[in-house]
There are 2 protein chains.
Amino acid sequence: MTKKQRLTGPQRRAQLLEVGRELFASRGYEATSIEEVAAQAGVSKPIVYEHFGAKEGLYAAIVEREMDGLVQRMSDAIAQGSARERFEGAVVAFLSYAKEEPAGFAVLTRDSPTSSARRGLTRVIDDLAQRVGDIFQAEFSRAGFNPKVAPVYANALVGMVTQVGVWWAAEGRPLSLEHVAKHVVALGWMGLRHLPSEPAVQGPRPKGRHKG
Amino acid sequence: MTKKQRLTGPQRRAQLLEVGRELFASRGYEATSIEEVAAQAGVSKPIVYEHFGAKEGLYAAIVEREMDGLVQRMSDAIAQGSARERFEGAVVAFLSYAKEEPAGFAVLTRDSPTSSARRGLTRVIDDLAQRVGDIFQAEFSRAGFNPKVAPVYANALVGMVTQVGVWWAAEGRPLSLEHVAKHVVALGWMGLRHLPSEPAVQGPRPKGRHKG
DNA sequence: CGGGTAGCCTACTTGCCGGTAACTTACGAT
DNA sequence: ATCGTAAGTTACCGGCAAGTAGGCTACCCG
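Definitions and cut-offs
- Residues numbered from 1 in each chain as written.
- Chains lettered and ligands numbered in written order.
- Predicted model: local features only at pLDDT ≥ 70, side-chain atom pairs only at ≥ 80, totals over all residues.
- Heavy atoms only, no water.
- Helix = DSSP H or I, 4+ residues; strand = E, 2+ residues; numbered from the N terminus.
- Contact = heavy atoms within 4.5 Å.
- Buried area = accessible area lost by both parts, 1.4 Å probe.
- Salt bridge = Lys/Arg side-chain N within 4 Å of Asp/Glu carboxyl O.
- Polar contact = N/O pair within 3.5 Å; in protein donor to acceptor, adjacent residues only side chain to side chain.
- Nonpolar A, V, L, I, M, F, W, Y, C, P; charged D, E, K, R; others polar.
- Expected span 1.5 Å × (residues − 1).
- Buried < 20%, exposed > 50% of the residue type's maximum accessible area, 1.4 Å probe, protein only.
- Least-squares fit on C-alpha atoms with pLDDT ≥ 70 in both.
- Axes fitted to C-alpha atoms, helices over the stretch in contact; angles between N-to-C directions.
- Parallel < 35°, antiparallel > 145°, perpendicular 65-115°, else oblique.
- Left-handed = near helix turned anticlockwise from the far one by under 90°.
- Near = heavy atom within 4 Å.
- Phe/Tyr/Trp six-rings, centres within 6.5 Å; stacked < 30°, edge-to-face > 60°.
- Lys NZ or Arg CZ within 6 Å of the ring centre and 35° of its normal.

**Quick word on the environment of Glu50 of chain A**
Working step 1: Here Glu50 of chain A is to be found in helix α3 (residues 45–52).
Working step 2: Along the primary structure Glu50 of chain A and Arg13 of chain A are separated by 37 residues, whereas in three dimensions their C-alpha atoms are 9.6 Å apart.

In structure tokens, the structure reads:
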């Protein structure tokens, strides 16, 4: 068998990130023990602590890395083209990530450890929705729609793609990526193109609203 | 002060379900201890075990009850009316549930305990998507679309509504239910009415049907 | 009043897991 | 070769939470 190999710091760190990702993906945060991570890496517990300080440190490092990867893909995808092309690009990028990085996708999709709640929105997907929401907000204002409903669409689209991604991955990807993307894009795009006008469009007369 | 009141079995059981739901909703499964549940109910640990056997038993009972409640609302909502009305009804029913049963909604939205995976799809929402998918499947076949893509739409719609619900609840429901529902329905309905035809359609069915 | 039973409690055991202290070993540079 | 350092180890602590054994008490019913 492979000799008990000594790795350099960065190498070991990278390996632990890899192993941790796989474990967190399959078992979830709570059900994964540091000992397990260490064992799977052929190393002992304190090594993990040496690199990441605490369990949450390891988890945070993994999530951050995956988040960066996903955001990178999405950013590239919406860098240019018509609005429709960018939308389609975003969907394809998201599904590609789900396909090519199943473990990372699983980690991002699962619940976070309870303590790391920031600002009340705990799940990572919510973060993504927030970013999309910011983009939409500007876009909506520009187009004369009520920007307050932008988050509704942002969350709707993110949730749509996410859930489809989860199903698609869990089901062993029964359809091709292009196939799935096509339908999702169609569903989302049509809705966006037919935004209903509403009483509360920002016209000259802001109407008195009832309860929130 | 309230006397150390002795409750009957069913009463205590109901109370524990209530307390447990609240706790699981706010802390999540792992972070909630049976002792906490017992304390909050003004009772000691073994009582909980007497009623539910194990922690998972309590959790399962709570989830099942909430799931039933949600399904009940949805079923009522889609019992009659045009397709569009039923769709709208389903969305409204879902959001109403999120609004009126925030704790239950939180429980259903969170991750389940790792061990209770059934059929590979662990999350409760996936169950819902499955049911919707079955309905769509039949509907798609009838309308001449490829039924294999039905789950895509089912998951997309369920994910859409779910994520919007999560956001809406987490944000303290900044918009009215009707307002949110209107936009979500618009987004979903438009997409459904313009299903893209595709190479793999079964049968000579060229064009999307019209209906009022 | 006197039992029986249903509801409830105290007081454990057990095992796991996050985290740490203190020691050991490989290895390259001088 | 040897010394310094980075890499890795064993062996422990402390705490918490799941689950249980066995005893107590209120209340109903005759």
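**Concerning the interface of chain B and chain A**
Working step 1: Each partner contributes residues to the interface: chain B has 49 residues there, and chain A has 47 residues.
Working step 2: For the pairing of chain B and chain A, the buried interface totals around 3900 Å² over both sides, and the portion due to carbon and sulfur atoms is 67%.
Working step 3: For the chain B face of the interface with chain A, the top three residues by lost area are Gln163, His183 and Leu187 of chain B, together amounting to 17%.
Working step 4: Taken together, the links from chain B to chain A amount to zero salt bridges.
Working step 5: Seen at the junction of chain B and chain A, the total is six residue pairs in polar contact (both at pLDDT 80 or more).
Working step 6: Counting residues per element, the ones that place at least two in the side of chain B that touches chain A are α7 (124–143), α8 (150–170) and α9 (177–193) of chain B.
Working step 7: No other element matches α8 of chain B, which puts 13 residues into the side of chain B that touches chain A.
Working step 8: For the side of chain B that touches chain A, the class distribution of residues is 25 nonpolar, twelve polar and twelve charged.

**Brief notes about α8 of chain B**
Residue and element names in this part refer to chain B.
Working step 1: The first and last C-alpha atoms of α8 sit 30 Å apart over 21 residues, in line with the 30 Å expected at 1.5 Å per residue.
Working step 2: Among the 21 residues of α8, 19 are classified as buried, and the element is accordingly described as predominantly covered.
Working step 3: Phi for Gly172, located one or two positions after α8, is positive at around 80°.

**A word on the relation of the copies chain B and chain A**
Working step 1: When chain B is fitted to chain A, the best match, at an RMSD of 0.2 Å, comes from turning it 179° and sliding it 0.0 Å along the axis. The superposition of one copy onto the other is thereby described by a two-fold rotation axis.

**Concerning the packing of α8 of chain B against α9 of chain B**
Residue and element names in this part refer to chain B.
Working step 1: The interhelical angle for the contact between α8 and α9, taken along N-to-C directions, is 160°, at an axis separation of 11 Å. Classified by the angle their axes make, α8 and α9 are roughly antiparallel. In the crossing of α8 with α9, the sense of the turn from one axis to the other is right-handed. Two secondary-structure elements touch here, α8 through Tyr153, Leu157, Met160, Val161, Val164 and Trp168 and α9 through Leu177, Val180, Val184, Leu187, Gly188 and Leu192.
Working step 2: Split into classes, the residues belonging to the contact of α8 with α9 amount to eleven nonpolar, one polar and no charged.

**Section: the protein's contact with DNA strand D**
Working step 1: Taken together, the neighbourhood of DNA strand D is formed by 18 residues, with Arg6, Gly9 and Arg12 of chain A together with Lys45 and Tyr49 of chain B sitting nearest.
Working step 2: A share of 53% of the atoms of DNA strand D within 4 Å of the protein falls on sugar and phosphate groups.
Working step 3: In the environment of DNA strand D, a phosphate oxygen lies 3.1 Å from a nitrogen or oxygen atom belonging to the backbone of Leu7 of chain A.
Working step 4: The backbone of Gly9 of chain A places a nitrogen or oxygen atom 2.5 Å from a phosphate oxygen of DNA strand D.
Working step 5: Of all the secondary-structure elements, those providing two or more residues to the surface near DNA strand D are α1 (9–27) and α3 of chain A together with α3 (45–52) of chain B.
Working step 6: For the surface near DNA strand D, the class distribution of residues is eight nonpolar, five polar and five charged.

**Some words on unusual backbone geometry**
All names here are of chain A.
Working step 1: Even without glycine at this site, Arg173 takes up a positive phi of about 50°.
Working step 2: Considering the arrangement of structural elements, one finds Arg173 in the loop between α8 (150–170) and α9 (177–193).
Working step 3: The exposure class of Arg173 is partly exposed, given its relative accessible area of 37%.

**Some details on the packing of aromatic side chains**
Residues and elements named next belong to chain A.
Working step 1: Tallied over the full model, the rule gives 18 aromatic pairs over all chains.
Working step 2: Aromatic rings pair up to connect Phe136, Phe140, Phe145 and Tyr153 into one cluster.
Working step 3: Positioned above the aromatic ring of Trp168, the side-chain terminus of Arg173 is 5.6 Å from the ring centre.

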